[in-house]
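Listed here are the chains, written in short residue letters.
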Amino acid sequence: ILQSGDPGGALCAFYLGSGIFLKAGEIEKNRFLWKAHRNRTEVIDMFYIGCHLSSAKGFLAMGKDAEKIGATTFQFFTRNPRGGAAKDIDEKDVEAFKKFADENGIEVILAHAPYTLNACSADESIRDFAKRTFADDLARMEYVPGNLYNFHPGSHVKQGVEIGIDYITQMLNAVSYTHLTLPTT
């Protein structure tokens, strides 16, 4: 089981292998609660349990497939996992999915970026592809608010960790501020 982030307030995800994952969220900000006890963190409320589903037939089909197997969430690729092409968003399908999800307890879904995204490549054209793909994915995710995004930032390949991290940071800064919806107080 892998855990990322600070259980006291950051988003955490648990991956159980074979495409099954569990997700838990921010402390006291939603229905998930975390309890730290003796340097151990445990979830004291509900898990989201799901699997990776094909997005070929759209959001509603994924929602129905998830419901059939008793899943409360699912993960899907935003586009071909080994390429860059993405299907057009069918707004009617999205609206039908949101209604279905609301009726069936699917509250959060996890979008997965293609494996070809490499934000820290030495090749500028590959980094540009990563930035454009990342930005497009975030824009597409706005159709289903409240979902999560999983991406692998890539490999620095002999440039050094610091350069790789710098390239990733540049991409995140360039893209996130133009596509990120921040809560207002």
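Everything that follows concerns the structure shown earlier in this document.
Our subject in this report is the structure included herewith. (Residues numbered from 1 in each chain as written. Predicted model: local features only at pLDDT ≥ 70, side-chain atom pairs only at ≥ 80, totals over all residues. Heavy atoms only, no water.)

Structural notes on the packing of aromatic side chains
Defined as follows: Between rings of Phe, Tyr and Trp, where Trp is taken as its six-membered ring, a pair exists when centres lie within 6.5 Å; planes separated by under 30 degrees are stacked, by over 60 edge-to-face, and by other angles tilted. In this text, helices come from DSSP runs of H or I with a minimum length of four residues, and strands from runs of E with a minimum of two, each type numbered from the N-terminal end. Throughout, exposure labels follow a simple rule: accessible area from a 1.4 Å probe, protein chains only, divided by the maximum for the residue type, with under 20% read as buried, over 50% as exposed, and the rest as partly exposed. Think of it as a cone above the ring: NZ of Lys or CZ of Arg counts as a charge over the ring if it is within 6 Å of the ring centre and within 35 degrees of the ring normal.
This structure, assessed with the given rule, holds 8 aromatic pairs. Both rings, one in Phe 134 and one in Tyr 149, keep their centres 5.3 Å apart while their planes meet at 75 degrees; by these two values the pair is edge-to-face. With Phe 134 in helix H3 (residues 124–141) and Tyr 149 in strand S8 (residues 148–150), the pair connects residues that are 15 residues apart, well separated along the chain. For Phe 134, a relative accessible area of 4% puts it in the buried group. An aromatic cluster is built from Phe 59, Phe 74, Phe 76 and Phe 97, whose rings are joined through pairwise contacts. In this structure, Arg 127 packs its charged tip against the face of Tyr 167, placed 3.8 Å from the ring centre.

Some words on the pairing of strand S5 (residues 48–52)
The test is simple: Only strands joined by at least two bridges in the DSSP assignment are considered to pair. Classification remark: right-handed applies to a crossover when, strands pointing away from the viewer, the course from the first strand over the helix to the second runs clockwise.
Two strands pair when backbone bridges link them, and S5 and strand S6 (residues 73–77) are joined in this way by 3 bridges, in the parallel orientation. Each bridged residue has a counterpart across the sheet, and for Gly 50 the counterpart in S6 is Thr 73. Crossover S5 to S6 through helix H1 (residues 59–68) is right-handed.

Looking at the pairing of S6
The buried fraction of S6 is high, at 5 of 5 residues. Of the two faces of S6, both are covered, the one formed by Thr 73, Gln 75 and Phe 77 as well as the one formed by Phe 74 and Phe 76. Here S6 pairs with strand S7 (residues 110–112) via 3 bridges, running parallel. The residue bridging Phe 77 from the neighbouring strand is His 112, located in S7. In this fold, the crossover linking S6 to S7 by way of helix H2 (residues 91–104) has right-handed handedness.

Observations concerning the environment of Ser 125
To keep things clear, this is the line we draw: As used in this structure description, the phrase polar contact means that two N or O atoms lie within 3.5 Å; if the pair is within protein, one of them must be able to donate a hydrogen and the other to accept it, and residues adjacent in sequence are counted only when both atoms belong to side chains.
Residue placement: Ser 125 occurs in helix H3. Only 2.6 Å separates the side chain of Ser 125 from the side chain of Asp 123, close enough to count as a polar contact.

Remarks on the environment of Asn 150
For clarity, the cut-off: Any two residues having at least one pair of non-hydrogen atoms within 4.5 Å are treated as being in contact.
Within the element layout of this structure, Asn 150 appears in strand S8. We classify Asn 150 as partly exposed; its relative accessible area is 24%. Filtering out sequence-adjacent residues up to four positions away, Asn 150 remains in contact with Gln 75, Leu 110, Ala 111, His 112 and Ala 113.

Function cannot be read off these values alone, since they describe shape.
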